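The chain contents come next:
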Amino acid sequence: NASLDMWGVQFANRPIGWRIEDGALTNAHASELGERRAAGNNLVSREKFSNFKLEADYKLATGSNSGIYLRGRYELQLLDDFTDTTTKDVLRHMAIYGRKPTDVKASKPSGEWQTMEAIVVGNRVTVTLNGQRVHNNAVLTGITGAGKSTTAVARERRLFDSGRTTLRIDGEDLRLGMSRDLGF
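Definitions and cut-offs
Residues numbered from 1 in each chain as written. Predicted model: local features only at pLDDT ≥ 70, side-chain atom pairs only at ≥ 80, totals over all residues. Heavy atoms only, no water. Salt bridge = Lys/Arg side-chain N within 4 Å of Asp/Glu carboxyl O. Helix = DSSP H or I, 4+ residues; strand = E, 2+ residues; numbered from the N terminus. Buried < 20%, exposed > 50% of the residue type's maximum accessible area, 1.4 Å probe, protein only.

## A look at the pattern of salt bridges
Point 1. Going through the model one piece at a time under the given rule, you end up with four salt bridges.
Point 2. Note that D81 is salt-bridged to R92, the shortest N-O span being 3.7 Å. Placement of the pair is D81 in the loop between β7 (74-79) and β8 (113-121) and R92 in the loop between β7 and β8, with a sequence separation of 11 residues. R92 shares its class with D81; the two are buried.
Point 3. Ionic pairing is found between K100 and D103, a salt bridge with its closest N-O pair at 2.9 Å.
Point 4. On the accessibility criterion, D103 (49% relative accessible area) is partly exposed.
Point 5. Connected through shared salt-bridge partners, K53, E55 and E117 make up one network.

The following block contains the structure:
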């Protein structure tokens, strides 16, 4: 969706920090906003989803550390780790943050488009990254990282977190597609 219409922001008192550029949502650099923190505000879907499919094409800048939050509670880690051999498996790219590593490493180098599909049904998720199944019907066992409680999620439907790690998300481009509830 080459529009910001389906998105709100997590922090109303901060600039959005995203723009449409060459058909993709592009994260502003912190220097463009005159601030020394994560550049883009966290994007929050305006619509609430239960069982759904999320498709994302994105590019990570060198050193990026970010996440996609499913239902605002479960983080799929976005990490520039193509050549990284030191990060714990449960913190690597597309891991269910802090809970479950990917079944295979499917990351591409920073600056290349990556394609992700997540299908969420109940408390399970199946994730394909760059054509490889990295989670197969994995159980979402609890809130991860900076995920929100059930009460907070009712108020805030965060799906894309632009980076709680300051200045590591500059240059990320993103294309997202959300399927409506899958009806089961």
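On we go.
## Digging into unusual backbone geometry
Point 1. A positive phi angle is found at N130, which is not glycine, with a value near 50°.
Point 2. Tracing the backbone through its elements, the reader meets N130 in the loop between β9 (124-129) and β10 (132-139).
Point 3. Classification of N130 by relative accessible area gives buried; the value is 19%.
Point 4. In this structure, N137 is a non-glycine residue whose phi angle is positive, near 60°.
Point 5. In this structure, N137 sits in strand β10.
Point 6. Classification of N137 by relative accessible area gives partly exposed; the value is 41%.

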